[in-house]
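Chains, contacts and geometry: an overview
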Amino acid sequence: MRFTLKHAVLTAACMAAFPVHATNGYFLPGFGIRSQGMGGVGIAYGRDSLSTAANPANAVNIGMRGDMGFAVFNPERHAAVGADAGGDYFYGFHGNVESDAKYFIMPEMGFSMPLDDKLHVALAVVGNGGMNTTYPDNFFSFNDSVPPRDQKVGVDMMQVLVPITVAYKINEEHAIGASLVLAETRFRAYGLAAFPYFQTLAPVFKITSDPAHMTDNGFDYSYGAGIRLGWLGKFMDDRLNVGLTYASKAYMTKFDKYRGLFAEQGDFDIPENYGIGIAIKPVKNLVVAADVMRINYSNVASVGNPGMSSPVGPMGIPSVADTIKTGTTDKQLGMDNGMGFGWTDQTVYKLGVQYGVNNKLKLRAGYNYGKSPIPDNQVTFNLLAPATVERHYSLGFTYKANDNLEVSGTYMYAASNSQTACGQNILNCASFNMHQNMFGLTFGWVLDPGPVALEEYGESDWAGINFDGWYAGLGIGQSKYGDIDEASANTRTEGWKVYGGYQFNKYLGVEGGYANLNDMTARTGAVVTNVAADAWTLGAVVSYPVTGKLSVMGKLGAAYMLADVKVKNGTALTVRSGDDSYEPNYGVGISYALLDNLNLRVEWERFDRKEYDIDLVTAGMALEF
């Protein structure tokens, strides 16, 4: 078990390098899928190893367990600029577009264990948050030519935290904890060439201090660390729990490739945050918890410094206005006082309820509210990072399959919210909107349930559900579009799938799932074709055991493929159509039994379309129930 968990940490850290969309500013609403099922609470109540990321003192109540799961995140983003948002300006920026890349995988994992009756340790790998936009129609194209209108515009950022935690149980009522929080941020920006070009038109149009390091430089990585401290108190015979937590700013290395975009020459620290939580147990199997959290976005210059705003025209760009008025240039992008996203500090309110129905099932519900940190006069830059959603609603469950396995699931909906402003700099009007869906599933391997977890299930007996033979899994890798006969094409991209199945015996099973095949772009002269595809699959799986742990496998079935096809001739969209059809789906793979009920799988499969083939290569894990 120790060997497996150690390697699982490395696996999850690698898998976590996928962009996600956060919903409290750019922070996730909670740490862990179980927490998100209760609105993101976790400061005064946590029962899995991921909860130590919210409050390190939670480790004293967790026992010895490992947790691993993933969520499928679906943000829907829309942006409108210029005349399409209600009013244009001399420079002619315009657009009315939805972001591509609408599905993301968010992995998570952690483990915890007591060293003795008082001292506990834990480690987690969690997503802290992120931002992603991929607009296929570049509304920041100057005169529809710089950059070309069909060059995508957007940003792609993700943050991963690895809190290494020690907690100490002072007595039966009080515990304290501390975490060294290691952090990694990945970032890229693309399609923003209009801004460095704009400042070549006149000497006073100073926008960026380093035009070569503002956009289109691929991914860059930043690393750093901070600390998180926590306290947990129990009162009224454990009917009332109170928690406090404080996380310092995480000081990060600079994004050298984007030192002409982010203030302080590419600095992008993770903001300080702190909070208080309470959890009330009217009866043992009912928990009502609430958190209040404060995130100090304004203390990070790249996030909090004001960006482009009003009035309409070049004077709405702070660096240009200062150059004209005073001759100073210290508000250019990349400078110490350079323009940022203009975010304010955010206070987040979380409420969650958990009810133990019987000896095997817990149900959850939650609500989370945080007012958008984006002021209405800061919409220009935030078209790239529309963190505007405010209200989140969630439902969740935990099913105890046996004494050593818990299965938890969550659905969260972030309600649609829009922000619009006119009289803004060189755009005049701009607007963005977002809503989100999230489906999550996580598995907990319980060796020691801790002091109170079991009593929070209900008292009535339930025989449970017989899951013998069933399994579920996740694979992440790369998709490749083949048979593309164009002058130039970008046919390789990230791909992933989730699946479930039933094994009749060691040789034969049936499996179905969803595969996100992402997109490809092909170009012939001025004609650009973009195809985005995903698929629902169902087929037979044949396995042959080579050894007690290693099996080879083959799959044959069908896929219902959904393809969105866009064809542009220059800047004009000439064709947009859906191309949905049933197609053959087949593949081969290798499965290795890492544990009795956990398998590693590497697979290649083909989606065999008439016009082109799509190959998907993935590596991942499958859990047998």
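In what follows, the structure referred to is the one given above.
An account of the accompanying structure is given in this report. As the structure is a prediction and not an experimental result, all values here were calculated from the model.

Let us now look at the state of the cysteines. Evaluated as defined, the whole model comprises one disulfide. In this model, Cys 422 is linked to Cys 429 through a disulfide, with the two sulfur atoms separated by 1.9 Å. In this structure the cystine formed by Cys 422 and Cys 429 twists about its S-S bond by roughly 110°; its chirality is therefore right-handed. For Cys 429, a relative accessible area of 2% gives the class buried.

With respect to the helices, strands and loops of the structure, Lys 497 is situated in strand β19 (residues 492-503). Here Lys 497 falls in the buried class, since its relative accessible area comes to 4%. Remark: the alpha-carbon pair of Lys 497 and Ala 387, spanning 110 residues in sequence, is separated by 27 Å. Among residues more than four places away in sequence, those in contact with Lys 497 are Gly 473, Leu 474, Gly 475, Glu 511, Tyr 514, Ala 515, Lys 555, Glu 603, Glu 605, Leu 616 and Thr 618. At a separation of 2.7 Å, a polar atom in the side chain of Lys 497 contacts the side chain of Glu 605.

For the coordinates displayed, the defined rule picks out 37 aromatic pairs. Considering the side-chain rings of Phe 139 and Phe 140, the 4.9 Å spacing of their centres and the 75° angle between planes classify their relative orientation as edge-to-face. There is no split in this pair, since Phe 139 and Phe 140 are both buried. Ring centres of Phe 140 and Phe 195 lie 5.0 Å apart, and the angle between their planes is 70°; on these two criteria the pair is classed as edge-to-face. With a gap of 55 residues between them, Phe 140 in the loop between β4 (119-132) and β5 (154-169) and Phe 195 in helix α3 (residues 194-198) connect regions that are remote in the sequence. Classification of Phe 140 by relative accessible area gives buried; the value is 1%. Look at Phe 195 and you get buried, because its relative accessible area is 3%. Linked through ring pairs, Tyr 26, Phe 27, Phe 187, Phe 255, Tyr 258, Phe 262, Phe 268, Tyr 297 and Trp 343 together constitute an aromatic cluster. It is Arg 186 that lies over the ring of Phe 219; its NZ or CZ is 4.1 Å from the centre. In this arrangement the basic side chain of Lys 362 is found over the ring face of Tyr 457, its NZ or CZ atom lying 4.4 Å from the centre.

A few words now on the pattern of salt bridges. For the structure on display, the rule yields 28 salt bridges. Of the charged contacts in the structure, one is a salt bridge between Glu 603 and Arg 601, with a shortest N-O distance of 3.0 Å. Members of the salt-bridge network, linked through shared partners, are Lys 497, Glu 511, Lys 555, Arg 601, Glu 603 and Glu 605.

With that settled, consider the environment of Ser 319. Looking at the secondary structure, you find Ser 319 in helix α6 (residues 318-325). Taking the C-alpha atoms as reference points, Ser 319 and Val 81, separated by 238 residues in sequence, lie 21 Å from one another. For Ser 319, the residues in contact, after removing those within four places along its chain, are Lys 206, Ile 207, Thr 328, Lys 331, Gln 332 and Met 339. Within the structure, the side chain of Ser 319 is placed 2.3 Å from the backbone oxygen of Lys 206, a separation counted as a polar contact.

What follows deals with the layout of surface pockets. In this model, the second largest pocket occupies a volume close to 450 Å³. Lining the second largest pocket are 22 residues, with Gln 503, Ser 551, Ser 591, Asn 599 and Glu 624 positioned closest to its centre. At the level of elements, β17 (470-482), β21 (527-545), β22 (550-569), β24 (581-593), β25 (598-608) and β26 (613-624) are the ones that each hand at least two residues to the lining of the second largest pocket. A class-by-class count of the residues in the lining of the second largest pocket yields eight nonpolar, nine polar and five charged.

Within the largest apolar cluster, 66 residues are counted, with the highest numbers of intra-cluster contacts made by Tyr 26, Phe 139, Phe 140, Phe 187, Trp 343 and Leu 383. Only β1 (64-81), β4, β5, β6 (174-190), α3, β11 (286-295), α7 (379-382) and β16 (428-448) provide two or more residues apiece to this core. The biggest single contributor to this core is β6, with four residues. Apart from residues no more than four positions distant in its own chain, Phe 139 is found in contact with Ala 79, Val 81, Phe 93, His 94, Gly 95, Val 97, Arg 149, Val 153 and Leu 383. If you look at the next biggest cluster of nonpolar residues, it comprises 17 residues, including Ala 515, Ala 522, Met 561 and Leu 616.

Rules and cut-offs
Residues numbered from 1 in each chain as written. Predicted model: local features only at pLDDT ≥ 70, side-chain atom pairs only at ≥ 80, totals over all residues. Heavy atoms only, no water. Disulfide = S-S within 2.5 Å. Buried < 20%, exposed > 50% of the residue type's maximum accessible area, 1.4 Å probe, protein only. Helix = DSSP H or I, 4+ residues; strand = E, 2+ residues; numbered from the N terminus. Contact = heavy atoms within 4.5 Å. Polar contact = N/O pair within 3.5 Å; in protein donor to acceptor, adjacent residues only side chain to side chain. Phe/Tyr/Trp six-rings, centres within 6.5 Å; stacked < 30°, edge-to-face > 60°. Lys NZ or Arg CZ within 6 Å of the ring centre and 35° of its normal. Salt bridge = Lys/Arg side-chain N within 4 Å of Asp/Glu carboxyl O. 1 Å grid on protein atoms, 1.4 Å probe; cavity = no way out; pocket = protein on both sides within 12 Å on 5 of 7 lines; lining within 4 Å. Points joined across faces, edges and corners; volume = space filled by probe spheres on them. Nonpolar A, V, L, I, M, F, W, Y, C, P; charged D, E, K, R; others polar. Core = buried A, V, L, I, M, F, W, Y, C linked by side-chain atoms within 4.5 Å.

Limitation: the analysis is restricted to geometry and does not speak to function.
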